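Close look at the chain arrangement
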There are 4 protein chains.
Amino acid sequence: MRDLPELAARVREFVAERDWDRFHSPKNLAMALSVEASEVVELFQWLTEEESAALDDDRHRRVAEELADVLWFLVRLSDRLDIDLLEAAERKLAANAAKYPADRVRGDARKYDEY
Amino acid sequence: MRDLPELAARVREFVAERDWDRFHSPKNLAMALSVEASEVVELFQWLTEEESAALDDDRHRRVAEELADVLWFLVRLSDRLDIDLLEAAERKLAANAAKYPADRVRGDARKYDEY
Amino acid sequence: MRDLPELAARVREFVAERDWDRFHSPKNLAMALSVEASEVVELFQWLTEEESAALDDDRHRRVAEELADVLWFLVRLSDRLDIDLLEAAERKLAANAAKYPADRVRGDARKYDEY
Amino acid sequence: MRDLPELAARVREFVAERDWDRFHSPKNLAMALSVEASEVVELFQWLTEEESAALDDDRHRRVAEELADVLWFLVRLSDRLDIDLLEAAERKLAANAAKYPADRVRGDARKYDEY
């Protein structure tokens, strides 16, 4: 797998071969995306932050699988809506850089979550 | 932006410049990932499936922004855990192809969500 | 079970008997609450809206179980933070009634989700 | 507000007066429930577990408001599906008590999240 467009094409093909398109309205795909993201959360919810940074092999593998599921639906939903994910991410990085200038944020005592 | 490794590097740099690493335990990033996925859901929750496939320009743009946020935390969390997202997605596609053979699934009357 | 305070007391006792309090920081309980809410979503994600209003007995029973799990963590988190849920709901109803006057909302062409 | 049935009745009335029933398919209400649960998570995601147990007044008030929103949709969805929440919670407590006997769980070295 080289890149996101190739993944999108392979997911599209996978879905078409199974006649699953009819289930894949953007509304349904958004639901599936959030369900998969919650399955990532489930693997972390009772761990301390320290434990979450030192996963054993089994849990690390399960996290990787759940992140792959998130990517699957993220790519699928973007493909359905003709959204270029990397381009959207690039725009977001530029917007965030303007909103949170590094030199001002770094020395700022405000809590991170107030940004 | 060419690919996911470049995005991961740029997000890493963005975070380091702002001294935000200390907030980015995998546990916290998993929470943020699911919060962003829910912000996608929020844009679809009162639309019919039909409406969700015919978004007006303003909502389409907001969906793209939220999907970029999901990708941001997905890439960030994968980077923190040394997970190669495309490789994980490739493994998942192979596993799903074995689990749901196209010829058997297509003619199967069972509901999709029982798979 | 008569009411929410009784449920809160019984959940508190259940947790204490198992020495699970140490896992129940409000942060962790918030995560668990959202994971349980997603398990409700999972039961609906591939259904049409019409199908979601006409569940078969098996799915209806599973939805009831997942809603009970949501209530469990909702009551547990509120108890940990000394929040009176019914009082908070009452305040919210009053605030919403002021924000969305029935006579103005009813005839309003704006989409529901813009409220 | 005395109890959940009264809350359910008042929410039902609130919705009917605004002609919002048509948006409230169980599928949509499940989505809204999870979105509200994520808004609770958002208030905790960058806090440490310790900080989450010692909220300042402003954040405590915002958490209470979000928990009220979760309850709102939980009660609304249960009402739409004729599910008695307290009865479902009671059944769940009994099932969990059988599944996790206190004397065996307490001394068990297995991680909590394997239960």
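Preceding block: the structure.
The rules we used
- Residues numbered from 1 in each chain as written.
- Chains lettered and ligands numbered in written order.
- Predicted model: local features only at pLDDT ≥ 70, side-chain atom pairs only at ≥ 80, totals over all residues.
- Heavy atoms only, no water.
- Least-squares fit on C-alpha atoms with pLDDT ≥ 70 in both.
- Helix = DSSP H or I, 4+ residues; strand = E, 2+ residues; numbered from the N terminus.
- Contact = heavy atoms within 4.5 Å.
- Axes fitted to C-alpha atoms, helices over the stretch in contact; angles between N-to-C directions.
- Parallel < 35°, antiparallel > 145°, perpendicular 65-115°, else oblique.
- Left-handed = near helix turned anticlockwise from the far one by under 90°.
- Buried area = accessible area lost by both parts, 1.4 Å probe.
- Salt bridge = Lys/Arg side-chain N within 4 Å of Asp/Glu carboxyl O.
- Polar contact = N/O pair within 3.5 Å; in protein donor to acceptor, adjacent residues only side chain to side chain.
- Nonpolar A, V, L, I, M, F, W, Y, C, P; charged D, E, K, R; others polar.
- Buried < 20%, exposed > 50% of the residue type's maximum accessible area, 1.4 Å probe, protein only.

Before going further, it helps to spend a moment on the relation of the copies chain A and chain B. Mapping chain A onto chain B calls for a screw motion: a turn of 180° about the axis and a shift of 0.0 Å along it, with 0.0 Å RMSD after fitting. The superposition operator between the copies reduces to a two-fold rotation axis.

Looking now at the environment of B:Leu71. Mapped onto the elements, B:Leu71 comes out in helix α4 (residues 57–80). Between the C-alpha atom of B:Leu71 and that of B:Leu33, which follows or precedes it by 38 residues, the distance is 8.4 Å. Ignoring any residue separated from it by four or fewer positions in sequence, one finds B:Leu71 in contact with A:Leu74, A:Leu85, A:Leu86, A:Ala89, B:Leu4 and B:Leu7.

For the rest of this paragraph, the subject is the packing of helix α2 (residues 26–44) of chain C against helix α2 (residues 26–44) of chain D. It is at 8 Å that the axes of α2(C) and α2(D) come closest, and there the two elements cross at 165°. Taken together, the axis directions place α2(C) and α2(D) in an arrangement best described as roughly antiparallel. Handedness of the crossing formed by α2(C) with α2(D): left-handed. Facing C:Pro26, C:Lys27, C:Ala30, C:Met31, C:Leu33, C:Ser34, C:Ala37, C:Val40, C:Val41 and C:Phe44 of α2(C), the residues of α2(D) in contact are D:Pro26, D:Lys27, D:Ala30, D:Met31, D:Leu33, D:Ser34, D:Ala37, D:Val40, D:Val41 and D:Phe44.

Turning next to the interface of chain A and chain B. Every contact between the two is made by 68 residues of chain A and, on the other side, 68 residues of chain B. Buried area between chain A and chain B, both sides added, is near 6000 Å², and the carbon and sulfur share of it is 70%. Linking chain A to chain B there are four salt bridges. Ionic pairing is found between A:Arg10 and B:Glu90, a salt bridge with its closest N-O pair at 3.0 Å. Seen at the junction of chain A and chain B, the total is 22 residue pairs in polar contact (both at pLDDT 80 or more). Residue assignment for the side of chain A that touches chain B shows that the elements contributing at least two residues are α1 (4–17), α2 (26–44), α3 (49–52), α4 (57–80), α5 (85–99) and α6 (102–106) of chain A. For the side of chain A that touches chain B, the per-class residue count stands at 42 nonpolar, 10 polar and 16 charged.

Residue and element names in this part refer to chain D. Residue position: Asp79 is located in helix α4 (residues 57–80). Overall, the relative accessible area of 22% leaves Asp79 in the partly exposed class. Considered as a pair, Asp79 and Glu51 are 28 residues apart in the sequence and their alpha carbons are 36 Å apart. Not counting the four nearest positions on each side in its chain, Asp79 is found in contact with Ala8 and Arg12.

Take the environment of C:Glu87 next. Its location among the elements puts C:Glu87 in helix α5 (residues 85–99). Considered as a pair, C:Glu87 and C:His60 are 27 residues apart in the sequence and their alpha carbons are 29 Å apart.

Looking at the secondary structure, you find D:Ser52 in helix α3 (residues 49–52). With near-sequence residues (within four places) excluded, D:Ser52 lies in contact with C:Ser25, C:Pro26, C:Lys27, C:Leu81, D:Phe44 and D:Leu47.

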